[in-house]
Amino acid sequence: MKGFVKFFITLLIAVAVGLLLVNDPGYVLLAYHQWSIETPLWFFLIVLVALYFLIRLTFAITHGICQMPHAFSEKIKARRDARLIKDADKGFIALAEGRWQYAEKCLVRSVKQAKTPLLNYLGAAQAAAQQGELAKRDSYLRLAHRARSGSDVAVGVTQGTLQLQAGQWEQALATLQHLKGLEPRHRFVLQKLKELYVELKDWSSLLELLPQLKQRNIIDESEYQTLKTKAFCARLHQTDSLEALTKNWKTINKAGRQHAAVLLAYAEQLVKFNADASAEKLIKDYFKQHFNEALLSVYVQLKFTDLKAPLKTAEGWLKHYGEQPRLLLALGQLACRNRLWGQAKSYYNAAIAIQPTRSSYEALAKLHQQLNEMSESQHCFAKALALA
């Protein structure tokens, strides 16, 4: 629209000038010393316009010639930048494909022209780590940290992950704990801390972390209970004295102390520290409401002051829980400890009748062997081997 207006105005001016020149063509006289030039006005105007456009053309050509070196260098730079950007793309593709050495080369070469050099350095660190070049990995991570302010979490998460992959547990722990200080609610950091505490068997730290993991829905209720039970059991097994064991047991909440696996760990440690009477009471209290084969196995091995009492207790469990194979086997073992051979045979045979197992046949075979009944003993051992 503007171009049309300019053209229209120019046309009006030209028409007006033309009409004036028709009525009065006029002339122009140029004199210099003895020289003089006389020319019609219209011709002089045409020469002026032509001279104006000639000067503009001269300036344009001169400017273009002066700008040629700069334009040429800019074109070369643009082509180089495009090639380096293409290198960065190749580097990330190679990283995804697992071509670590080529990925590292491309990412490092293109880092100066990259819009986000942080990503180039993080990718290069990953590629170096996969090649086992841990020193180069750490160097790239340092460069990544310098490449962009406020990148502590991004660099830290990558660093922690690569340290875990390399089995550098202590370094990974320091990195992840630092990240937790920066971002206490970061899901990835919390998840990796959980895995690391399990790997390092740092059960106390895991127990402190578990409520936060559950609150953030990083683990469900089932995993929460499983990990808590595992941590309780592991801490009990790590104790080196009866005093430490008792102190540790008191730190476990009521729900944890009622869990069969935790009770089993505690009972086993009580036996280890020769506190058989405490273990006996613990198991008997539990069996008032629940039956557990693992705890039963510990019970039959305890050191009793009166061997008749545990046999009587187990017979009471038989009435309460019915003829369960493992309970019948335990009764046979307790009967053997009381030298009640016939009663022991009856219990072993009853257990086998319900569910033939290797342990039942082996127990019966040893009993026959003790009674010098070699044929029956060999037969039972053969049955046990068949069930192996």
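Only a predicted model underlies this, so the values are computations on that prediction, with no experimental measurement involved.

J.: Explanation requested: helix α4 (residues 117-130) in the structure shown.
T.: An α-helix turns once every 3.6 residues. As a result, residues three or four positions apart point the same way. Given a rise of 1.5 Å per residue, 14 residues ought to cover 20 Å, and the 20 Å separating the end C-alpha atoms of α4 matches this to within 8%. For α4, the full list of buried residues reads Leu118, Asn120, Tyr121, Leu122, Gly123, Ala124, Ala125, Ala127, Ala128 and Ala129. Of the residues one or two after α4, Gly132 is the one with positive phi, at around 80°.

J.: Where do I start with the nonpolar core in this structure?
T.: Soluble globular proteins tend to bury their nonpolar side chains together. Counting 78 residues, the largest nonpolar core has Ile283, Phe287 and Trp317 as the members making the most contacts within it. Setting aside anything within four residues of it in sequence, one finds Ile283 in contact with Ala267, Leu295, Val298, Tyr299, Leu302 and Trp317. Ranked by size, the runner-up nonpolar core spans 14 residues in total, among them Val111, Ala128, Tyr140 and Leu162.

J.: I would appreciate a short explanation of the packing of aromatic side chains in the present structure.
T.: Two descriptors summarise a pair of aromatic rings, namely the distance from one centre to the other and the angle between the planes of the rings. For the structure on display, the rule yields eight aromatic pairs. Arranged with centres 4.0 Å apart and planes meeting at 5°, the rings of Trp249 and Tyr266 form a pair that is stacked. One end of the pair, Trp249, is in helix α11 (residues 242-251); the other, Tyr266, is in helix α13 (residues 260-272), and 17 residues separate them in sequence. Just as Trp249 is buried, Tyr266 falls in that class too. Here Phe287 and Phe291 contribute two aromatic rings whose centre-to-centre distance is 5.5 Å and whose plane-to-plane angle is 75°, an arrangement assigned as edge-to-face.

J.: Explanation requested: the environment of Leu282 in the structure shown.
T.: Summarising the element assignment, Leu282 is placed in helix α14 (residues 276-286). Note: C-alpha distance between Leu282 and Leu295 (13 residues apart in sequence) is 9.7 Å. When near neighbours in sequence (up to four residues on either side) are disregarded, Leu282 contacts Trp249, Leu263, Tyr266, Ala267 and Leu270.

J.: Is there a simple way to think about the environment of Ser377 in this case?
T.: Tracing the chain through its elements places Ser377 in helix α20 (residues 374-386). Take Ser377: its relative accessible area is 1%, and that puts it in the buried class. Between the C-alpha atom of Ser377 and that of Ala363, which follows or precedes it by 14 residues, the distance is 9.7 Å. Those residues in contact with Ser377, other than ones at most four positions away along the chain, are Ala365, His368 and Gln369.

Criteria and thresholds
Residues numbered from 1 in each chain as written. Predicted model: local features only at pLDDT ≥ 70, side-chain atom pairs only at ≥ 80, totals over all residues. Heavy atoms only, no water. Helix = DSSP H or I, 4+ residues; strand = E, 2+ residues; numbered from the N terminus. Expected span 1.5 Å × (residues − 1). Buried < 20%, exposed > 50% of the residue type's maximum accessible area, 1.4 Å probe, protein only. Core = buried A, V, L, I, M, F, W, Y, C linked by side-chain atoms within 4.5 Å. Contact = heavy atoms within 4.5 Å. Phe/Tyr/Trp six-rings, centres within 6.5 Å; stacked < 30°, edge-to-face > 60°.

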